[in-house]
Amino acid sequence: MPAVLTAVSSASGDVQLVRRALAREGDAFRTIIKMHNQRLYRIARGVVRNDSEAEDIVQEAYVRAFAHLDAFRGDSSLATWLSRIVINEALGRLRKRRRTVAMPENPQAEIIRFPLNPSDDPERTMAQRQILQLVEQATDSLPDVYRTVFVARVIEGLSIEETADLLGVRPQTVKTRLHRARALVRKALDDQIGPVLLDAFPFAGRRCERLTSAVMRRLGLES
């Protein structure tokens, strides 16, 4: 389906879904929430850098959005409309927090746990967790203005135009901030990756024991 038709179809679907919600259909509310939970959570967390606060922000944003659903006209997608509400709520929380408490220079990142296959080699699983932790910490260390763009574009996968629309800035501004954000993340990873690489390609634990036993058996020194 051509991109224009897809966009029209999506906008039409959003409007119909909102109409159902305005008619107080429970399934419509549930559908809206499930469709947008991940994006809204990631955006909120990208601003406040705290898991539980991000969840609270998303809940509050839904309540506000559902109280003003009649304001949705379909000029932008429902996802963008909801995302703007989340960003406004998150930025408001951030401003309030900064007025009441001084932010530490290096706040402790709260790591988002990515699903890993429990049947994987434990050493590989640990290495994956270390890499994910480094990426998450590098993202959390970005200044607010760059982190929001980075989360929207790289983590959430929004287009430059969608990100610009979401943040109310020009597409060129998104490109500039994204370039800077990537450079900062790269530097943060470069600063930390050296010590991690010392443990790269681990050959210990079960793999080491398996190889040792195989060689010993071939040498006739182990049954």
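Attention in this report is confined to the structure presented alongside it. Please read these numbers as outputs of a predicted model, since none were measured by experiment.

**Remarks on the pattern of salt bridges**
Reasoning step 1: Throughout the structure, instances matching the rule amount to 10 salt bridges.
Reasoning step 2: Between Glu-60 and Arg-64 there is a salt bridge whose closest N-O contact spans 3.4 Å. Separated by four residues within a single helix, Glu-60 and Arg-64 lie in helix 3 (residues 51-67), roughly one turn from each other.
Reasoning step 3: Of the residues examined, Glu-60 reaches a relative accessible area of 30% and is grouped as partly exposed.
Reasoning step 4: Exposure remark for Arg-64: the relative accessible area of 44% places this residue in the partly exposed category.
Reasoning step 5: Here Arg-147 ties to Asp-144 by a salt bridge, and the two come within 2.8 Å at their closest N and O atoms. Of the two residues, Arg-147 and Asp-144 both sit in helix 6 (residues 144-155), three residues apart, roughly one turn of that helix.

**So, the nonpolar core**
Reasoning step 1: With 31 residues, the main nonpolar core has Ile-32, Leu-69, Leu-78, Trp-81, Leu-82 and Val-86 as its most contacted residues.
Reasoning step 2: Of all elements in the fold, only helix 1 (3-22), helix 2 (26-48), helix 3 and helix 4 (78-100) reach the threshold of two or more residues within this core.
Reasoning step 3: Element by element, the count of residues in this core is highest for helix 2, at nine residues.
Reasoning step 4: Here Leu-78 is in contact with Asp-14, Val-18, Ile-32, His-36 and Phe-72, once residues within four sequence places are set aside.

**As for helix 6**
Reasoning step 1: Of the residues making up helix 6, those classed as buried are Asp-144, Arg-147, Thr-148, Val-149, Phe-150, Val-151 and Ala-152.
Reasoning step 2: Two residues or fewer past helix 6, Gly-157 is found with a positive phi of approximately 80°.

**Structural notes on the packing of aromatic side chains**
Reasoning step 1: In total, this model carries three aromatic pairs according to the counting rule given.
Reasoning step 2: Here the aromatic rings of Phe-29 and Phe-66 are separated by 4.8 Å at their centres, their planes lie at 80°, and the arrangement is edge-to-face. Linking Phe-29 in helix 2 with Phe-66 in helix 3, this pair joins segments that are 37 residues apart in sequence.
Reasoning step 3: Of the residues examined, Phe-29 reaches a relative accessible area of 14% and is grouped as buried.
Reasoning step 4: Here the aromatic rings of Tyr-62 and Phe-66 are separated by 5.7 Å at their centres, their planes lie at 15°, and the arrangement is stacked.

**Details of helix 3**
Reasoning step 1: Here helix 3 contains 17 residues, and its C-alpha end-to-end distance of 25 Å stays within 8% of the 24 Å for a straight helix at 1.5 Å per residue.
Reasoning step 2: By the burial criterion, the buried members of helix 3 are Asp-51, Glu-53, Ala-54, Ile-57, Val-58, Ala-61, Tyr-62, Ala-65 and Phe-66.

Thresholds, definitions, all that
- Residues numbered from 1 in each chain as written.
- Predicted model: local features only at pLDDT ≥ 70, side-chain atom pairs only at ≥ 80, totals over all residues.
- Heavy atoms only, no water.
- Salt bridge = Lys/Arg side-chain N within 4 Å of Asp/Glu carboxyl O.
- Helix = DSSP H or I, 4+ residues; strand = E, 2+ residues; numbered from the N terminus.
- Buried < 20%, exposed > 50% of the residue type's maximum accessible area, 1.4 Å probe, protein only.
- Core = buried A, V, L, I, M, F, W, Y, C linked by side-chain atoms within 4.5 Å.
- Contact = heavy atoms within 4.5 Å.
- Phe/Tyr/Trp six-rings, centres within 6.5 Å; stacked < 30°, edge-to-face > 60°.
- Expected span 1.5 Å × (residues − 1).

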